[in-house]
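So the chains spell out like this:
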Amino acid sequence: MEAAGGAAPAPAPARARPAQPQPQPPPQPQPQPKSRELFRSQRKESEGSVDCPNLEFEYGDADSHGSELAELYSYTEEPELSNNRRCFEEDFHTQVQDRRWLELDGAQQKAYIMHLLDGLEVVSRDKRLKVARAILYLAQGVFGDCDNEGDVLHWSRHNSFLLYQLGTFTAFLELLNMEIDNSQACSSALRKPAISLADSTELRVLLSVMYLMVENIRVEQEVDPPEWKTCRETFRMELSFPVHTEEPFALLLFTMVTKFCSGHAPHFPMKKVLLLLWKVLLFTLGGFEALQVMKVRKREELGLPPLPEDSIQVMRSMRAASPPTYSIELMEQQQQKRGHRSRRPLVKQDSLDIYNERDPFKNDEAGVDEEENDDVDSGIEGELDLMERDAIIPTMPAQRLPIERVSFPKGLPWAPKVRQKDIEHFLEASRNKFIGFTLGQDTETLIGLPRPIHESVKTLKQHKYVSISDIQIKNEEELEKCPMSLGEEDVQETPCEVLYRAMLYNLPQYMIALLKILLAAAPTSKAKTDSINILADVLPEEMPITVLQSMKLGIDVNRHKEIIVKSISALLLLLLKHFKLNHIYQFEYVSQHLVFANCIPLILKFFNQNIMSYITAKNSISVLDYPHCTVYDLPELTAESLVPARGDNSWTLSSSLSTPSVSCFVLVRGLLAEGCPPDRLPATCPGPMGTSSDTLLSTPMAHANP
């Protein structure tokens with residue numbers, strides 16, 4: 001069934017191009033398709049190809065390796081790349097004569113890195129910064145000695161493993177703690193009326209080195225030597241469990257976020273902090289594939305049947321759904337059509353209707369549906385002008401499309417799941433209707449119920465699903481009833497458990513801080529005097545004076561906001577997923593604080609705009625992205641080159657598409673997964689926008705346990 005919406009009506013095929021005389025093929029004994037079916041298919045194809053083009057979207061934990069490294073840098077930081085190279089070459093040529101870094105063997109490279117690490121121990125702040133820039137140049141892949149982007153990425157990974165093996169990450173962690181506690185830099189930033197890149201130079205260098213090391217070591221490749229795999233596991237353990245400090249590394253980054261939002265450190269480069277925090281959580285907790293493996297293992301330990309399917313794999317095989325029509329555009333279209341008699345526009349089918357449109361097994365039931373929909377279809381066709389109908393019908397035999405015989409599954413693309421409570425509620429309602437009394441939680445006695453109820457109960461029991469969360473809730477109830485006899489619960493020390501225990505004390509502040517930054521980065525947010533400044537690490541010291549510089553800075557600012565939204569939404573979804581698997585009450589506690597902080601209306605705020613324009617917006621300049629800008633000569637940029645030509649949509653499938661589309665996708669998943677079961681929420685749970693907690697949180701995904 002097609003839903004009415006605000007999509008633009010498709011032009012009539014006969015008016016678009018006059019029919020040309022062509023040799024007619026010999027008649028074949030095939031049944032003539034109905035004019036209504038052909039017109040409907042042509043209408044859907046035209047609407048899907050013009051108004052809502054299909055966009056390629058790949059479900060994964062992160063984007064490609066090069067794209068994730070490129071998002072670390074803003075375009076205003078481009079001059080610092082050559083500054084890093086100069087600091088490295090000045091020191092390198094004093095230690096190694098007439099040789100390049102690529103020509104040194106492993107022992108010589110390690111010796112020079114140890115020399116640089118000794119330079120981090122000096123008292124002079126400027127000398128430490130020069131040495132840190134030289135190390136950053138190594139982590140960036142010594143692009144001055146490379147000829148193409150592949151070589152830069154290869155040497156960046158090679159140097160990152162080498163730096164970790166020699167203890168560089170620990171040294172930079174100590175420097176990062178010093179910069180966080182630097183009260184002089186904080187007070188200087190508070191006194192300035194406008195904060196720029198110059199106020200966060202040291203922090204940006206330190207965070208860039210740590211991000212490059214985490215991202216390069218996190219990504220696995222088949223050609224990695226065995227010692228790299230060992231380093232990866234060791235690094236993951238160091239980040240997951242506190243070794244040198246009393247808290248995990250992720251907690252330090254959360255502390256930086258709260259300190260920034262409180263106004264005590266407005267010079268913190270939030271984009272780099274959030275990107276590093278997201279990649280640390282992704283590295284230590286694991287991505288969606290690792291989460292699926294942990295689910296399977298945990299269900300085996302609890303004696304539960306295996307999962308029917310992987311939800312991520314199911315989503316990858318589904319067709320993308322069309323975005324809804326923007327409300328303003330819908331009102332404009334209605335005003336234009338007022339007083340004009342035309343056919344009713346229909347929006348493109350969503351991703352579930354394809355299974356019912358092309359289901360070859362539904363031919364037997366099509367007759368019944370046709371009879372029921374005759375009135376509706378005739379009403380739609382009745383609104384067509386007579387001239388339009390005369391123009392369309394004669395051309396139908398020549399434009400008849402071949403029938404595609406594609407086998408689609410019947411029903412939903414995923415396996416249905418039924419809880420025990422659903423069966424109990426169904427039997428309770430059936431017994432009240434047919435017998436007049438209930439039998440409590442008895443799901444076996446079916447005496448007195450009609451035969452269809454027996455078949456329904458049998459079908460429900462076939463799809464009964466017991467989740468890990470149900471077992472966890474049952475265990476908690478038993479521990480609460482018999483605390484002395486059952487004793488303490490044996491809690492497994494996992495990275496997720498360690499992180500939750502460390503975050504528990506200040507968890508509400510962490511969630512509020514993340515949502516504050518998310519609000520400041522929302523594309524529909526208006527500038528307020530009391531809002532936080534998230535552009536401190538993108539604005540240059542000198543503001544642009546030409547049109548080209550202003551356009552470049554505007555693109556950089558929009559790109560900066562998109563990356564912040566992407567990192568926050570991704571890490572929130574990652575936390576919710578892992579906390580839900582670790583223990584359902586941990587997930588509910590985080591979800592409650594997100595709801596208390598008005599996270600749901602904030603997420604909806606992102607969709608109060610033209611989604612297609614937001615997703616396909618060109619907020620990147622490919623020639624300025626790392627590592628392309630380091631190995632190729634930059635062309636001369638003009639104001640015309642930064643604006644796509646009218647009607648040219650070739651750029652919509654570039655890498656710039658990933659950031660806003662990933663943000664929207666993750667925000668939708670976070671919106672659905674955020675709700676916790678209302679029966680375990682406090683009675684005074686406030687719902688934003690005047691809604692109660694039951695109305696706000698009773699979403700389908702609120703009860704979809706892992």
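Residues numbered from 1 in each chain as written. Predicted model: local features only at pLDDT ≥ 70, side-chain atom pairs only at ≥ 80, totals over all residues. Heavy atoms only, no water.

A.B. asks: Can you walk me through the overall build of the protein in this structure?
C.D. replies: In terms of helices and strands, the protein carries 32 helices and 0 strands. Of the contacts formed within the protein by residues at least 6 apart in sequence, a portion of 80% connects residues at least 24 apart. In the structure as shown, the protein presents an accessible area of about 37700 Å², 54% of it carried by carbon and sulfur atoms. (Helix = DSSP H or I, 4+ residues; strand = E, 2+ residues; numbered from the N terminus. Contact = heavy atoms within 4.5 Å. Areas by Shrake-Rupley, 256 points an atom, 1.4 Å probe, with all protein chains shown as cover.)

A.B. asks: What is the right way to read empty space enclosed by the protein from this model?
C.D. replies: Under the definition given, this model contains 6 cavities of 30 Å³ or more. Its boundaries defined by the atoms lining it, the largest cavity holds a volume of some 110 Å³. Contributing to the lining of the largest cavity are Arg-125, Arg-128, Leu-129, Ala-132, Leu-175, Met-178, Glu-179, Glu-202 and Leu-206. Among the elements of the structure, α6 (125-139), α8 (168-180) and α10 (201-218) are those that each provide at least two residues to the lining of the largest cavity. With 4 residues, the single largest contributor to the lining of the largest cavity is α6. In terms of residue class, the lining of the largest cavity is built from 5 nonpolar, no polar and 4 charged. (1 Å grid on protein atoms, 1.4 Å probe; cavity = no way out; pocket = protein on both sides within 12 Å on 5 of 7 lines; lining within 4 Å. Points joined across faces, edges and corners; volume = space filled by probe spheres on them. Nonpolar A, V, L, I, M, F, W, Y, C, P; charged D, E, K, R; others polar.)

A.B. asks: Would you mind going over the packing of aromatic side chains with me for this structure?
C.D. replies: Note on aromatic pairs: each is described by the distance of the centres and the angle between the planes. In this structure the tally under the stated criterion is 16 aromatic pairs. Here the aromatic rings of Tyr-137 and Phe-143 are separated by 4.9 Å at their centres, their planes lie at 75°, and the arrangement is edge-to-face. Residue classification places Tyr-137 among the buried residues on the basis of a relative accessible area of 1%. For Phe-143, a relative accessible area of 5% corresponds to the buried category. When the ring of Phe-169 is compared with that of Phe-235, the centres are 5.0 Å apart and the planes differ by 75°; the resulting orientation is edge-to-face. Of this pair, Phe-169 sits in helix α8 while Phe-235 is found in helix α11 (residues 226-240), placing the two residues 66 residues apart along the sequence. Like Phe-169, the residue Phe-235 is buried in the burial classification. Lys-417 extends its terminal NZ or CZ atom over the ring of Tyr-465, reaching a point 4.5 Å from the ring centre. One residue, Arg-559, lies across the ring of Tyr-75, its end atom 4.6 Å from the ring centre. (Phe/Tyr/Trp six-rings, centres within 6.5 Å; stacked < 30°, edge-to-face > 60°. Buried < 20%, exposed > 50% of the residue type's maximum accessible area, 1.4 Å probe, protein only. Lys NZ or Arg CZ within 6 Å of the ring centre and 35° of its normal.)

A.B. asks: Help me out: how do you make sense of the pattern of salt bridges in this one?
C.D. replies: Taken as a whole and judged by the stated rule, the model has 23 salt bridges. Close ionic contact of Glu-68 with Lys-279 constitutes a salt bridge, the shortest N to O distance being 2.9 Å. Here Glu-68, found in helix α3 (residues 65-70), pairs with Lys-279, found in helix α13 (residues 270-285); they are 211 residues apart in sequence, far enough to count as distant. Accessibility expressed as a relative area gives 0% for Lys-279, which makes it buried. Between Glu-77 and Lys-272 there is a salt bridge, and its shortest N-O distance comes to 2.9 Å. Taken together, the positions of Glu-77 in the loop between α3 and α4 (78-95) and Lys-272 in helix α13 put the pair 195 residues apart, joining distant regions of the chain. The burial state of Glu-77 is the same as that of Lys-272; both residues are buried. Within this structure, Glu-68, Glu-71, Glu-215, Arg-218, Lys-279 and Lys-566 form a network of salt bridges that share partners. (Salt bridge = Lys/Arg side-chain N within 4 Å of Asp/Glu carboxyl O.)

A.B. asks: Is there a simple way to think about unusual backbone geometry in this case?
C.D. replies: Trans peptide bonds make up most of the peptide bonds, and negative phi angles are found at most residues other than glycine. Cis geometry marks the peptide bond from Tyr-626 to Pro-627, where omega comes out at 5°. By the element assignment, Pro-627 lies in the loop between α29 (611-615) and α30 (628-631). A positive phi angle is found at Asp-98, which is not glycine, with a value near 55°. Residues other than glycine seldom take positive phi values, yet Val-142 does so here, at roughly 40°. Mapped onto the secondary structure, Val-142 falls in the loop between α6 and α7 (149-165).

A.B. asks: What's the story with the side chain of His-267 in this structure? I'm lost.
C.D. replies: Looking at the element boundaries, His-267 is found in the loop between α12 (249-261) and α13. Not counting the four nearest positions on each side in its chain, His-267 is found in contact with Ala-185, Cys-186, Ala-189, Ile-195, Asp-199, Ser-200 and Leu-203.

A.B. asks: I tried to follow the packing of helix α22 (residues 468-481) against helix α26 (residues 547-582) on my own but got confused; where do I start?
C.D. replies: Angle between the axes and distance between the axes are the two parameters that describe a pair of packed helices. Contact pair α22 / α26: the axes reach a minimum separation of 9 Å and the direction vectors enclose 50°. As judged from the angle between their axes, α22 and α26 are oblique. Where α22 abuts α26, its residues Ile-468, Ser-469 and Gln-472 lie against Lys-580, Leu-581 and Asn-582. Across the contact of α22 with α26, the residue classes break down as 2 nonpolar, 3 polar and 1 charged. (Axes fitted to C-alpha atoms, helices over the stretch in contact; angles between N-to-C directions. Parallel < 35°, antiparallel > 145°, perpendicular 65-115°, else oblique.)

A.B. asks: Sorry if this is basic, but what is going on with the nonpolar core here?
C.D. replies: Nonpolar side chains in soluble globular proteins tend to be buried together. Judged by nonpolar contacts, the single largest core of 124 residues is most densely connected at Trp-101, Phe-249, Met-511 and Ile-517. Take this core: its biggest share by element is 13 residues, from α26. Look past the residues within four positions of Phe-249 in its chain and what remains in contact with it is Phe-169, Leu-173, Leu-176, Met-210, Leu-239, Leu-276 and Val-280. Counting 7 residues, the second largest nonpolar core, distinct from the first, contains Val-418, Leu-427, Ile-453 and Val-457. (Core = buried A, V, L, I, M, F, W, Y, C linked by side-chain atoms within 4.5 Å.)

A.B. asks: Explain the confidence of the model for the protein here, please?
C.D. replies: Parts of the prediction with low pLDDT should not have their coordinates interpreted in detail. Considering every residue of the protein, the mean pLDDT works out to 76; 68% of them sit at 70 or more. Across residues 38-50 the pLDDT falls below 50, and counting only partners more than four positions away or on other chains, this stretch makes 28 contacts in the model. Of the regions scoring below 50 in pLDDT, residues 645-658 engages in 19 contacts with residues more than four places distant in sequence or in other chains. (pLDDT = per-residue confidence, 0-100.)

A.B. asks: Help me understand the environment of Asp-625, please; the structure alone is not making it clear to me.
C.D. replies: Mapped onto the elements of the fold, Asp-625 is located in the loop between α29 and α30. Sequence spacing of Asp-625 and Tyr-75 is 550 residues, and the spatial spacing of their C-alpha atoms is 7.7 Å. With residues near it in sequence (within four places) discarded, Asp-625 still touches Ala-70, Tyr-75 and Arg-559.

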